[in-house]
Amino acid sequence: STLDRSSAASDVYKRQGWLTVVRGTRRVPFSRARVWHALAVLQPYCAVCDVSYVVDGASTKRGTEFVCVPGRLDGQRPPGGALRGRVVEWEPEHRVATRLELTPEVWVTTIELADAPDEGTDVAITLTHEPLTGGLLQRRRQRKVVRKVAQETVESELLKVGDHVRQAERASDGTEDSSA
């Protein structure tokens, strides 16, 4: 697989304050359907990221709410204060976006998939950060750090796409326990 290092970071002034937007792309040698299943459908546990998900409802779709927790839950309930999120966009095999609302900020992750000419898939990940607290001076001071964290997160997630696809395939073959 090849990594297109043409990722971009920008700060966008929105009426309520600054948004930091980071986008990266990568071409992977897997079909769009395989990548979609691996990245968009929330499984109880992701060994690649070491994160457990508790999903509200039987399937993932727009409006689905979820809780994510570091590590395996192994049948336990998520602790109070666990990160809560919601699927805000859902276009099967094309685009999914999730929104995590933390007390001082909101993070939106958007994954877009497109067929590549070589029968692979172009994966684009956009991470948007919106601070909800703090004055203009505080936001300006934090903007560079937030942009760096977002850029590193996008690059890291793009590098793990192949691992996610292989994990999803092992889980569907029954060769890997993906339950939390």
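So, here's what we can say about the structure. Not measured: the values here are computed from a predicted model. (Residues numbered from 1 in each chain as written. Predicted model: local features only at pLDDT ≥ 70, side-chain atom pairs only at ≥ 80, totals over all residues. Heavy atoms only, no water.)

1. Thoughts on the packing of aromatic side chains
So, point 1. Summed over the entire model, instances satisfying the criterion amount to 2 aromatic pairs.
So, point 2. Where Trp36 meets Trp90, the ring centres are 4.8 Å apart and the plane angle is 65 degrees; that geometry is what we call edge-to-face. Separated by 54 residues along the polypeptide, Trp36 in helix H1 (residues 32-40) and Trp90 in strand E6 (residues 83-91) bring together distant segments of the chain. As far as the burial class goes, Trp36 and Trp90 line up, both buried.
So, point 3. The positively charged end of Arg72 is found above the aromatic ring belonging to Tyr45, 4.4 Å away from the centroid. (Phe/Tyr/Trp six-rings, centres within 6.5 Å; stacked < 30°, edge-to-face > 60°. Helix = DSSP H or I, 4+ residues; strand = E, 2+ residues; numbered from the N terminus. Buried < 20%, exposed > 50% of the residue type's maximum accessible area, 1.4 Å probe, protein only. Lys NZ or Arg CZ within 6 Å of the ring centre and 35° of its normal.)

2. Description of the packing of H1 against helix H3 (residues 161-173)
So, point 1. In the contact formed by H1 and H3, the axes pass within 8 Å of each other and the chain directions differ by 90 degrees. Our classification of the angle between H1 and H3 gives roughly perpendicular. Two secondary-structure elements touch here, H1 through Arg34, Val35, His37, Ala38 and Leu39 and H3 through Val161, His164, Val165, Ala168 and Glu169.
So, point 2. The class makeup of the residues in the contact of H1 with H3 is 6 nonpolar, 2 polar and 2 charged. (Axes fitted to C-alpha atoms, helices over the stretch in contact; angles between N-to-C directions. Parallel < 35°, antiparallel > 145°, perpendicular 65-115°, else oblique. Contact = heavy atoms within 4.5 Å. Nonpolar A, V, L, I, M, F, W, Y, C, P; charged D, E, K, R; others polar.)

3. What to know about the environment of His129
So, point 1. Structurally, His129 is set in strand E9 (residues 121-131).
So, point 2. Between the C-alpha atoms of His129 and Arg143, which are 14 residues apart in sequence, the distance is 9.6 Å.
So, point 3. In this structure, His129 is in contact with Trp18, Leu19, Thr20, Glu105, Val106, Trp107 and Val146, ignoring residues within four places of it in sequence.
So, point 4. Engagement of the side chain of His129 in a polar contact is seen with the side chain of Glu105, the distance being 2.8 Å. (Polar contact = N/O pair within 3.5 Å; in protein donor to acceptor, adjacent residues only side chain to side chain.)

4. Here we look at the pattern of salt bridges
So, point 1. Going through the model one piece at a time under the given rule, you end up with 12 salt bridges.
So, point 2. The closest approach of N and O atoms between Glu101 and Arg99, which form a salt bridge, is 2.8 Å.
So, point 3. Residue class for Glu101 comes out partly exposed when judged on its relative accessible area of 42%.
So, point 4. Judged by relative accessible area, which is 26%, Arg99 ranks as partly exposed.
So, point 5. Counted as one network, the salt bridges with shared partners bring together Arg23, Glu89, Arg95 and Glu112. (Salt bridge = Lys/Arg side-chain N within 4 Å of Asp/Glu carboxyl O.)

5. Some details on the environment of Arg32
So, point 1. Take Arg32: it is sitting in helix H1.
So, point 2. Measuring from C-alpha to C-alpha, the distance between Arg32 and Val123 comes to 8.9 Å, with 91 residues separating the pair along the chain.
So, point 3. If we ignore the near neighbours within four places in the chain, the residues touching Arg32 are Glu93, His94, Leu113, Ala114, Asp115 and Thr121.
So, point 4. In terms of polar contacts, Arg32 uses its side chain to reach the side chain of His94, at 3.1 Å.
So, point 5. Among the polar contacts made by the side chain of Arg32, one reaches the side chain of Asp115 at a distance of 2.9 Å.

6. A closer look at H3
So, point 1. In a regular helix each residue adds 1.5 Å, so 13 residues correspond to 18 Å; H3 covers 19 Å between its end C-alpha atoms and thus fits that length.
So, point 2. Within the span of H3, buried status applies to Val161, Gly162, His164, Val165, Gln167 and Ala168.
So, point 3. Positive backbone phi, approximately 80 degrees, marks Gly174, located one or two places after H3. (Expected span 1.5 Å × (residues − 1).)

7. Focus on the nonpolar core
So, point 1. By size, the foremost hydrophobic cluster in this structure holds 29 residues, and its most contacted members are Val35, Val96, Ile111, Val123 and Val161.
So, point 2. Broken down by element, the residue count for this core peaks at 5 residues, all from H1.
So, point 3. Ignoring any residue separated from it by four or fewer positions in sequence, one finds Val123 in contact with Gly24, Thr25, Arg26, Val28, Val35, Leu39, Ile111, Glu112, Leu113, Leu158 and Val161. (Core = buried A, V, L, I, M, F, W, Y, C linked by side-chain atoms within 4.5 Å.)

8. Things to note about the side chain of Thr110
So, point 1. The topology assignment puts Thr110 in strand E8 (residues 105-115).
So, point 2. On the accessibility criterion, Thr110 (8% relative accessible area) is buried.
So, point 3. In this view, Thr110 contacts Arg95, Val96, Ala97, Ala124, Ile125 and Thr126; residues no more than four positions away in its chain are not counted.

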